[in-house]
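# Residue-level structural notes
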Amino acid sequence: MRIWKIALPCIAVALVVSGLHIRFNTNTFGADSFCGGSLSVDSAESAFAHLGRLSEEEGPRGSGSDRLEFDCIVESSSLLPSRDEQLHVQATSEEADFIFTEGRWPRPEEMSFFSRGATGAVSGDHGWVMLPEACWNGEPRIVEGRMPVGAENPHVLSRILVEVANRSAQAAGCEQPNQSAPTTLTPVPQERETDKQRQCGVPGFPYRGPDADVFEVAHDPGAGGDTWACTVRLKDGSPASTERSGYLTYAVTQNPLLVSGITQSEGYSARSPIPGWPVAGTDSRHVVATCDGTETYFAMELGGQYLKALESSGVVGDDVLFRDFVTSVGNQFDCVGVVPAG
């Protein structure tokens, strides 16, 4: 009898503690989905490094009038000694070339692009997936996500984004088959010193710029993906923001969804922006060529270091640099005859 008098309070305490643990440190008896049903609990839980109770709040952009415009923050909180964490997922419209321009996005050479299945890319903690064209509203629609601080996992993030994109498209009635998450991701390239005769690792692509130490971050041109990018930077004492912007950024994509968005963008013309070149585009540094039957987008962005160099004499013009780029990098994408001889 005395044993039971001692045991019963212990059992009661254990039950209370277990209940508190279930209530505040797990998602048992909690919501079964988030973001209007686009994100499953299992996927949401996979984003967090620690056990916690999941809850949802609307993000700063708010939600729009349809299933393809939302801003959703899923938070994991716990009574255990760990900080609260947030997974941020939103569906928005973006200009078609958003991944190749500066802004809130990671630079294109710092992302791993999906090689098959869904169209998308991820860095360590930030990524996007493009929705099928049937879901667009004049501009491409994407699902964007940010992992919790300190929980960088591009494989998990890619699976979350593809699930949200597929569920959102299905709810809106514009889903397409084969929108799968990648099973493998190429590593994000690291900065390396530039071989000035093989800029960005591409044979026959010379560096033509100021005499300085030159470094680059570049995707492997022979990796076989449909999107490639490289930024070249000078180690010349530039302010950090100017060096970050780089000297030049080059990008190529043959991804059908990305190219389709670019060819539908405002300012795009079927008329060649470069006299004598069999291309279309928006200007003389952003063109679409047909390469062995495949539409291929070439883009060259002038970085802050190049613009600064223009203040001095002898800087090679961007028309010459773009010609070098399309000629040499184009060979990696079966582009022959795009650049006229001479």
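One can find the structure itself at the top, above this paragraph.
Presented here is a report on the structure given in the accompanying data block. These numbers come from a predicted model, not from an experiment. (Residues numbered from 1 in each chain as written. Predicted model: local features only at pLDDT ≥ 70, side-chain atom pairs only at ≥ 80, totals over all residues. Heavy atoms only, no water.)

Relative to the elements of secondary structure, Pro-275 occurs in the loop between helix H5 (256–263) and strand S14 (279–283). Residues Pro-275 and Pro-340 lie 65 residues apart in sequence; the distance between their C-alpha atoms is 10.0 Å. (Helix = DSSP H or I, 4+ residues; strand = E, 2+ residues; numbered from the N terminus.)

Within this structure, the stated rule accounts for four disulfides. Covalent S-S linkage joins Cys-35 and Cys-72, the inter-sulfur distance amounting to 2.1 Å. Taking the sign of the torsion about the S-S bond as the criterion, the disulfide between Cys-35 and Cys-72, at about -75°, is left-handed. Separated by 37 residues along the polypeptide, Cys-35 in the loop between strand S1 (33–34) and strand S2 (39–40) and Cys-72 in strand S4 (residues 70–77) bring together distant segments of the chain. No difference in accessibility class separates Cys-35 from Cys-72, as the two residues are buried. For Cys-135, the disulfide goes to Cys-174, at an S-S distance of 2.0 Å. Between Cys-135 and Cys-174, the disulfide has an S-S torsion of 105° and is therefore right-handed. With a gap of 39 residues between them, Cys-135 in the loop between strand S8 (126–130) and strand S9 (141–146) and Cys-174 in the loop between helix H3 (154–172) and strand S10 (192–193) connect regions that are remote in the sequence. Both residues of the pair, Cys-135 and Cys-174, belong to the buried class. Taken in sequence order, the bonded cysteines of the protein chain link in the pattern 1-2, 3-4, 5-6, 7-8. (Disulfide = S-S within 2.5 Å. Buried < 20%, exposed > 50% of the residue type's maximum accessible area, 1.4 Å probe, protein only.)

On inspection of all chains with the given rule, the structure shows 12 aromatic pairs. Here Phe-100 and Tyr-297 contribute two aromatic rings whose centre-to-centre distance is 5.7 Å and whose plane-to-plane angle is 45°, an arrangement assigned as tilted. Separated by 197 residues along the polypeptide, Phe-100 in the loop between strand S5 (85–93) and strand S6 (112–113) and Tyr-297 in strand S16 (residues 294–302) bring together distant segments of the chain. A relative accessible area of 5% places Phe-100 in the buried class. Ring geometry for Tyr-247 against Tyr-306: centres 5.3 Å apart, planes inclined by 70°, an arrangement best described as edge-to-face. Of this pair, Tyr-247 sits in the loop between helix H4 (240–245) and strand S13 (248–253) while Tyr-306 sits in helix H6 (residues 304–309), placing them 59 residues apart in sequence. The exposure class of Tyr-247 is buried, given its relative accessible area of 2%. Since its relative accessible area comes to 3%, Tyr-306 is described here as buried. (Phe/Tyr/Trp six-rings, centres within 6.5 Å; stacked < 30°, edge-to-face > 60°.)

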